[in-house]
Amino acid sequence: MLSGRRLDLLDPSPLDVEIEDIAHGLARVARWNGQTRGPNIFSVAQHCLLVEALARIRAPRLDRSGRLAALLHDAPEYVIGDMISPFKTVIGGDYKTVERRLLGAIHRRFGLPAQIAPELEAVIKTADQGAAFLEATRLAGFEAAEARRFFGRPPTVSATMERDYLKPWPAETAQARYLERIKKLLAE
């Protein structure tokens, strides 16, 4: 990692996880394999910020730990990259095992349980699918009916939220905003 840390993917240690590395990596990993409109990629960092915002809308009483878990839900991708869901399914168990171990280490590094509660997982999953619907229809060329088949019902978002979260940012902006949000949550 740029921080100088070395991370063992098969046995990751929370001590080797740095938030700056996560923010840097996620801001440079493209969602949708880069197949989105605009001059910049839609990064995993920006996606995670969108998911956390949607989770707060869905569960207004979500505590700091829940918001942090939402923001970190795709954090392993700072090391292993983002793969489209159908390909993850083809690869199967080994990929998911590495991803789960890495997420557990990341969670422990930031004071969260390695495994989050099923109720919180459901909130994050719903927000993640809502974000995917918005990204698919606003950025990746999906028709609404097609996106509904894959991601379910679209979330209701304000024009401000759509403007703030669904225009792809330069990597430096995504990194800075992700880092700022994480640090704010960690300071609460």
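Structure: above.
Residues numbered from 1 in each chain as written. Predicted model: local features only at pLDDT ≥ 70, side-chain atom pairs only at ≥ 80, totals over all residues. Heavy atoms only, no water.

Relative to the elements of secondary structure, Asp128 occurs in helix H7 (residues 118-138). Polar side-chain contacts of Asp128 include one of 2.8 Å to the side chain of His47. With residues near it in sequence (within four places) discarded, Asp128 still touches His47, Val51 and His73. (Helix = DSSP H or I, 4+ residues; strand = E, 2+ residues; numbered from the N terminus. Polar contact = N/O pair within 3.5 Å; in protein donor to acceptor, adjacent residues only side chain to side chain. Contact = heavy atoms within 4.5 Å.)

Interaxial distance between helix H1 (residues 19-26) and helix H10 (residues 171-187) falls to 8 Å at its minimum, and their mutual angle equals 145°. Our pair here, H1 against H10, has a crossing hand that is right-handed. Along its contact with H1, which presents Ile19, Glu20, Ile22, Ala23, His24 and Leu26, the element H10 presents Gln175, Tyr178, Leu179, Ile182 and Lys183. Looking at side-chain class alone, the contact of H1 with H10 contains seven nonpolar, two polar and two charged residues. (Axes fitted to C-alpha atoms, helices over the stretch in contact; angles between N-to-C directions. Left-handed = near helix turned anticlockwise from the far one by under 90°. Nonpolar A, V, L, I, M, F, W, Y, C, P; charged D, E, K, R; others polar.)

Let us look at helix H6 (residues 93-109). Relative to the 24 Å expected for 17 residues at 1.5 Å per residue, H6 spans 24 Å between its end C-alpha atoms, a close match to the ideal helical length. Buried within H6 are the following residues: Tyr95, Val98, Glu99, Leu102, Gly104, Ala105, Ile106 and His107. (Expected span 1.5 Å × (residues − 1). Buried < 20%, exposed > 50% of the residue type's maximum accessible area, 1.4 Å probe, protein only.)

Just geometry here; none of it tells us what the structure is for.
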